[in-house]
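# Structural characterization, general
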Amino acid sequence: GLTEKLSAAFKRLRGKGRLTEADVKEAMKEIRMALLEADVNFKVVKQFVATVTERAVGSDVLESLTPAQMIVKIVNEELTALMGGESTKLTISPKPPTVVMLVGLNGAGKTTNGAKLAGFLKKQGKRPLLVACDTFRPAAITQLEVVGGQVDVPVFQMGQIDPIDIARAGIEHAKSHGNDIVFIDTAGRLHVDQELMDQLRDMKAAIDPTEILLIVDAMIGQDAVNAAKAFDEALDITGVMLTKLDGDARGGAALSIKAVTGKPIKFVGQGEKLDQVDIFYPDRMASRILGMGDVLSLIEKAQQTFDAKKAAELEEKLRKNRFTLADFYDQLVQLKSMGSLTDIAGMLPGVNGKALEGASVDESALSRTEAIILSMTPAEREDPSLLNNSRKKRIAAGSGTQVVDINRLLKQFEMMQQMSKQFSGKQLKRMGKMGKL
Ligand code: GDP
Ligand code: MG
């Protein structure tokens, strides 16, 4: 699925020292494929890839943890923007009742999700009414009465007479009974057809609804987008509710609908149960599509933790090739303040937290290193060549370590200093941020 494909694309980027235009292009190729396979409209994909590429190549990778995470962040933000950015509320009529026409193809979930929405709004203090205007299928009225009963919302019905008459009467009923929001359950068809569109257009003209909410089944992918386009062209819908997101929906519909129709997804249905309904949050959906575990919260954490001023100072020192144990210590503290290294690694997608236990990340070694550096005098931290045997013994005693631990640390530090002569300051600093120092 999209999730795995994107993870794979990012995995290849992870660990690279410098993000080149070629890297971005390569990752974008994968992302493009993944989105197309997820049934995202090809025009949408083209635009999306162009936007992300432009931002990624031009962006300052220095400010993020790793180049890969920088791309994840940009992709996430652009996915969110693609789906409308913010969540969009149901329009409430200043003159009650608010009238919501539920339209869509057969099986999309109009009837059940009408009840879900009514129940959802009832919990928020509204007084909804469900109106049974699907006179096309005989069982539809009974179905609405059953689900309405389950959410404890009254259902208005007049049998199988002209649906426009029922809708009008239902709205009058709401006015006289204090119902402030009316959901009109309408008939669908198997496919988009002219007769259905004509009927719905007539109903729209007759009742002038506050909202025309199109119910679409997320599992039908690109067909959902085509349906949305057809309904919008015929009826000028005001919003979309995407149902069956609990199934193995590929995410393509959610991504394309706003871009193709310009109309926001307002609600989602996430199960057959009548309380499985929620407002649509583009950012949550983007994270879900990315499926990058908690990688986004990791990025946030890292960005909050990393002190930009310290980074600038460090870069200055590196440029002068004066990377001291004191700087090393600062790096360690920053690393530690981000939380447990095992936790951090566990937040990365594709990394099994269990497998990490006691494995590659040796936190006690980090603590030992920290203790050693803390036991040094400032002068020793600036110039480790001062460290003769008696000084080492003093530090070992002070830090609860052995002289061999100190020698090991000094050897590592020496290697790092050599590296700092070979690498540019920027690269070394980035490595520090990746936790390799
Ligand atoms: P309508 O023909 O548009 O009125 O569709 P219905 O409301 O009768 O729903 C068709 C089927 O989809 C029913 O079996 C519903 O229980 C099911 N359904 C509706 N919404 C969801 C959802 O969000 N998740 C799942 N899994 N099933 C849903
Ligand atoms: Mg129905």
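Keep in mind that this is a model prediction, so the values were computed, not measured. (Residues numbered from 1 in each chain as written. Chains lettered and ligands numbered in written order. Predicted model: local features only at pLDDT ≥ 70, side-chain atom pairs only at ≥ 80, totals over all residues. Heavy atoms only, no water.)

### Thoughts on the site of ligand 1
Test applied: One heavy atom within 4 Å of a molecule or strand makes the whole residue count as near it. Polar contacts, as counted here, are pairs of nitrogen or oxygen atoms within 3.5 Å of one another; within protein the pair requires one atom able to donate a hydrogen and one able to accept it, and residues that are adjacent in sequence qualify only if both atoms are side-chain atoms. Here the accessible surface of atoms and residues is derived via Shrake-Rupley with a 1.4 Å probe, and residues count as covered only by protein chains that are part of the display. Going along the chain from the N terminus, every DSSP run of H or I of four or more residues is numbered as a helix, and every run of E of two or more is numbered as a strand. Residue type decides the class: Asp, Glu, Lys and Arg count as charged, Ala, Val, Leu, Ile, Met, Phe, Trp, Tyr, Cys and Pro as nonpolar, and the leftover types, Gly among them, as polar.
What surrounds ligand 1 is a group of 18 residues, the closest being Gly107, Gly109, Lys110, Thr112 and Asp246. The contact in question runs from an oxygen atom of ligand 1 to an N or O atom on the side chain of Lys116, over 3.2 Å. The side chain of Asp246 places a nitrogen or oxygen atom 2.7 Å from a nitrogen atom of ligand 1. For ligand 1, whose accessible area on its own is 580 Å², the fraction buried by protein is 82%. The dominant element in the shell around ligand 1, judged by the number of residues it contributes, is helix α5 (residues 110-123), at five residues. Split by residue class, the shell around ligand 1 holds two nonpolar, ten polar and six charged.

### Quick notes on the environment of Phe156
In plain terms, the rule: In this description, contact between two residues means that some pair of their heavy atoms is separated by no more than 4.5 Å.
You can see Phe156 is positioned in strand β3 (residues 155-156). Between the C-alpha atom of Phe156 and that of Ala132, which follows or precedes it by 24 residues, the distance is 6.2 Å. In this structure, Phe156 is in contact with Leu129, Leu130, Val131, Ala132, Ile166, Ala169, Gly170 and His173, ignoring residues within four places of it in sequence.

### Section: the nonpolar core
The cut-off we apply is this: The term nonpolar core refers to a set of buried residues drawn from Ala, Val, Leu, Ile, Met, Phe, Trp, Tyr and Cys, joined through side-chain atoms within 4.5 Å. When accessible area is computed with a 1.4 Å probe and restricted to protein chains, residues below 20% of their type maximum are described as buried, those above 50% as exposed, and intermediate ones as partly exposed. Each domain's extent was defined by an automatic or database domain assignment.
Formed by 66 residues in total, the largest nonpolar core has its most connected members in Val75, Ile184, Phe231, Leu242 and Ile257. When residues are assigned to domains, this core turns out to be shared by domain 1 (2-82) and domain 2 (98-280), each giving three or more. Not counting chain neighbours up to four residues away, the residues in contact with Ile184 comprise Val99, Val100, Met101, Leu102, Val131, Cys133, Ala167, Met203 and Ile207. Ala108, Phe120, Ile181 and Phe183 belong to the second largest nonpolar core, which has 24 residues in total.

### Comments concerning the pattern of salt bridges
What counts here: Each reported salt bridge corresponds to a side-chain nitrogen of Lys or Arg within 4 Å of a carboxyl oxygen of Asp or Glu.
Following the criterion strictly, the structure yields 17 salt bridges and no others. Between Arg55 and Glu78 there is a salt bridge, with the nearest N and O atoms lying 3.0 Å from each other. Here the residue Arg55 occupies a position in helix α3 (residues 42-58), and Glu78 occupies one in helix α4 (residues 67-82), the gap between them amounting to 23 residues.

### Comments concerning the environment of Ser367
If you trace the backbone, Ser367 turns up in helix α17 (residues 363-374). Owing to a relative accessible area of 33%, Ser367 belongs among the partly exposed residues under this scheme. When the C-alpha positions of Ser367 and Val333 are compared, they lie 9.7 Å apart, and in sequence the two are 34 residues distant.

### Observations regarding helix α19 (residues 389-399)
Within an α-helix, residues lying three or four positions from one another point in the same direction, as the helix has 3.6 residues per turn. Cut-off, in case you're wondering: Directions drawn from the helix axis to the C-beta atoms are what define this arc.
Here α19 has its buried residues at Lys392, Ile395, Ala396 and Ser399. Viewed along the axis of α19, the buried residues span an arc of 100°, placing them on a single side of the element. Exposed side chains of α19 directed beyond 90 degrees from the buried face belong to Ser390, Lys393, Ala397 and Gly398.

### Brief notes about the sheet that holds β3
Note on sheets: strands pair through backbone hydrogen bonds, and any given pair is parallel or antiparallel. Note the cut-off: At least two bridges found by DSSP between two strands is the condition for calling them paired. Only the stretch in contact is used when a helix axis is fitted, and all axes are lines through C-alpha atoms; the angle between N-to-C directions ranges over 0 to 180 degrees.
Pairing is mixed in the open sheet, where eight strands are placed in the order β3-β2-β4-β1-β5-β6-β7-β8. Two strands bound the open sheet, and with one partner strand each, they are β3 and β8 (277-279). Relative to β3, strand β2 (residues 128-133) is paired through two bridges, and the arrangement is parallel. Residue pairing for β3: Val131 is matched across the bridge by Phe156. Against the sheet, helix α6 (residues 139-150) makes contact with β2, β3 and β4 (181-186), and its axis sits at roughly 165° relative to β2, the strand it touches most. In the packing of helix α10 (residues 252-261) onto the sheet, the strands contacted are β5 (211-217), β6 (239-243) and β7 (265-269), and the crossing angle to β6 comes to about 175°.

### Regarding α6
To be explicit about the condition: Here, expected helix span is obtained from the residue count minus one, scaled by 1.5 Å.
If you check α6, its first and last C-alpha atoms are 17 Å apart, about what twelve residues at 1.5 Å a residue would give, namely 16 Å. Residues of α6 that are buried include every one of Ala140, Ile141, Leu144, Val147 and Gly148, and no others. Axial view of α6: buried residues confined to an arc of 135°, hence all on one face. Of the exposed residues in α6, the ones pointing more than 90 degrees away from its buried face are Ala139, Gly149 and Gln150. Considering only its buried residues, α6 is in contact with α5, β2, β3 and β4. Where α6 terminates, the next one or two residues include Asp152, which has phi positive at roughly 60°.

### Some thoughts on the packing of helix α9 (residues 222-235) against α10
Short version of the rule: An angle below 35 degrees is treated as roughly parallel, one above 145 as roughly antiparallel, one from 65 to 115 as roughly perpendicular, and anything else as oblique. Here a crossing is taken to be left-handed if its near helix is turned anticlockwise relative to the far helix by less than a right angle, and right-handed if that turn runs clockwise.
The geometry of α9 relative to α10 is characterised by a closest axis approach of 9 Å and an angle of 25° between their N-to-C directions. On the basis of the axis angle, α9 is roughly parallel to α10. α9 and α10 meet at a crossing whose hand is right-handed. Contacts from Ala224, Val225, Ala228, Lys229 and Asp232 of α9 reach α10 at Ala253, Ser256, Ile257, Val260 and Thr261.

### Some thoughts on the pairing of β7
Across the five residues of β7, five count as buried, placing the element largely inside the fold. Direction of pairing for β6 relative to β7: parallel, over a ladder of three bridges. Following the sheet pairing, Leu242 is matched in β7 by Val268. As paired strands, β7 and β8 are joined by three bridges and run antiparallel to one another. Following the sheet pairing, Gly269 is matched in β8 by Val277.

Shape descriptors only; they carry no functional weight alone.
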